[in-house]
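# Working through the structure, step by step
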Amino acid sequence: MTSSTTPSEPSAGLTASPRLSIIITNYNYAKFVASAIDSVLSQDEAVELIVVDDCSTDNSRDVISEYAGRVTMVFQEVNRGHGAGFNAGFSRATSELIMFLDADDCLLPGAIKTILSNYQPDVAIYHYRMRYMDEAGTLSGIHPSPAMPLADGDISEQLRSAGRYHGTITSGLVFSRRHLAHVMPMDPEAFRQGGDGYLSAVVPLYGASRSFEAPISGYRLHGSQHSRFSSAYAKRSRWCIAHDAERYRAIREHSNRLGLRVAADLGADDPDNIHERLVSMLFAPGEHPVEGDSIKQLAHRSARYEKGHATGMRSLFAYIFWELFGLLPESGKRRLMSWKIDAKSRPGWMRYLAKRLRAGG
């Protein structure tokens, strides 16, 4: 088991030719982890590769052990989750740039060269697009959608006032080790899942963000992902609400360290959080964790945001959706929301309309 102590911060004189450490965190992804490792080792650029296994119960460790001598293997003694895996990998990393790669994802060809070429000493966090990928590895669309601009520049104030910005997720993020040293190790219990949510919430408080359109990784979609929860909408939403609460707490904690002001109602206008609270109220009102919420109030706030930020056909779709939502009984509201959340549940006409909307941006 590795120590989770924070590495000493490198000296101010950073090298002009950076190195990259990639940390693959794995739990029961024996089916995919070899593909993730191979996608890194097959790159043309040198890299420090660290593979952390979080006490898998499948044959992941046998698969990882086949790479002995080519990767640094970290086998956790106790299953502690995503955040603890990040901590364990970071404690071994030595490069100026750090990337956390989920074991079910992969790097695209040329990714490391792209990452290294975009290095800037003062940048704390880099956001890249990703390609969707199915279980067989076939690539498809782009995540996040190219229609959504990614955060760029100084986003500290936005984090401290709204609690969120438009960014990406684990395998599309690259960090400065110098800036990560300010925020690691993370609380492994608070971020047993969603360690990337913690890092993307606090690292920009310490330095600038840069975003690039070139995809660097494949984001694999499959049925066992934590983020999908099949059709258990309320369960997923309650997890998101709790995760947001920990993110907001971390933003306040690090802002206080830096002497920066934070909005007293941090997250009050976070559209993603409002959406998850609406879903929770719709599908499991008796288990909803936020006092004072109502479906009417949350729907009004979601509608106001979506209508105000959508353009073109998307604006028309948002208007129709929320007008219809307001007219339907609760059973109809749940059906409409399930179509919005889960593409597979949509009737044919809605799938066709969604396809047209995506094509038209």
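Everything quoted here is computed from the prediction, not taken from an experiment.

Burial analysis of helix H7 (residues 195-202) places eight of its eight residues in the buried class, the great majority of the element. Those residues of H7 that fall on the buried side of the exposure criterion are Gly-195, Asp-196, Gly-197, Tyr-198, Leu-199, Ser-200, Ala-201 and Val-202.

To continue, consider the environment of His-275. Positionally, His-275 belongs in helix H9 (residues 271-283). By relative accessible area, which is 19% here, His-275 ends up buried. Counting along the chain gives 256 residues from His-275 to Arg-19, while the straight-line C-alpha distance between them is 40 Å.

The axes of two packed helices give the description: the angle between them and the distance between them. At their nearest, the axes of H9 and helix H12 (residues 330-341) sit 10 Å apart, and the two run at 135° to each other. Our classification of the angle between H9 and H12 gives oblique. Remark: the crossing between H9 and H12 carries left-handed chirality. Across the interface between the two elements, His-275, Leu-278, Val-279, Leu-282 and Phe-283 of H9 pack against Lys-333, Arg-334, Met-337, Ser-338, Lys-340 and Ile-341 of H12. In terms of residue class, the contact of H9 with H12 is built from six nonpolar, two polar and three charged.

Before going further, it helps to examine the pattern of salt bridges. Within the structure shown, the criterion is met by 20 salt bridges. A salt bridge links Glu-287 to Arg-238; its shortest N-O distance comes to 3.1 Å. Of this pair, Glu-287 sits in the loop between H9 and helix H10 (295-309) while Arg-238 is found in helix H8 (residues 233-258), placing the two residues 49 residues apart along the sequence. Since its relative accessible area comes to 22%, Arg-238 is described here as partly exposed. The partner of Arg-247 in a salt bridge is Asp-244, with the nearest N and O atoms 3.0 Å apart. With a gap of three residues between them, Arg-247 and Asp-244 both fall in helix H8, about one helical turn apart.

Here helix H11 (residues 312-327) crosses H12 at 155°, and the two axes come no closer than 9 Å. The angle between the axes of H11 and H12 places the two elements in the roughly antiparallel class. Within the contact between the two elements, H11 uses Phe-321, Trp-322, Leu-324, Phe-325 and Gly-326 and H12 uses Lys-333, Leu-336, Met-337 and Lys-340. Per-class residue counts for the contact of H11 with H12 are six nonpolar, one polar and two charged.

What the rule picks out here adds up to 12 aromatic pairs. With a centroid separation of 6.5 Å and 35° between ring planes, the pair formed by Phe-317 and Phe-321 is classed as tilted. Of the two residues, Phe-317 and Phe-321 are both situated in helix H11; the distance of four residues between them amounts to about one turn of the helix. Counting every residue linked through ring pairs, the aromatic cluster contains Phe-317, Phe-321, Trp-322 and Phe-325. Stacked on the ring of Phe-325, the Lys or Arg Lys-333 has its end atom at 5.4 Å from the ring centre. The cationic tip of Lys-340 hangs over the ring face of Phe-321; the distance from NZ or CZ to the ring centre is 5.7 Å.

Cut-offs and rules
- Residues numbered from 1 in each chain as written.
- Predicted model: local features only at pLDDT ≥ 70, side-chain atom pairs only at ≥ 80, totals over all residues.
- Heavy atoms only, no water.
- Buried < 20%, exposed > 50% of the residue type's maximum accessible area, 1.4 Å probe, protein only.
- Helix = DSSP H or I, 4+ residues; strand = E, 2+ residues; numbered from the N terminus.
- Axes fitted to C-alpha atoms, helices over the stretch in contact; angles between N-to-C directions.
- Parallel < 35°, antiparallel > 145°, perpendicular 65-115°, else oblique.
- Left-handed = near helix turned anticlockwise from the far one by under 90°.
- Contact = heavy atoms within 4.5 Å.
- Nonpolar A, V, L, I, M, F, W, Y, C, P; charged D, E, K, R; others polar.
- Salt bridge = Lys/Arg side-chain N within 4 Å of Asp/Glu carboxyl O.
- Phe/Tyr/Trp six-rings, centres within 6.5 Å; stacked < 30°, edge-to-face > 60°.
- Lys NZ or Arg CZ within 6 Å of the ring centre and 35° of its normal.

That is the geometry; function is a separate question.
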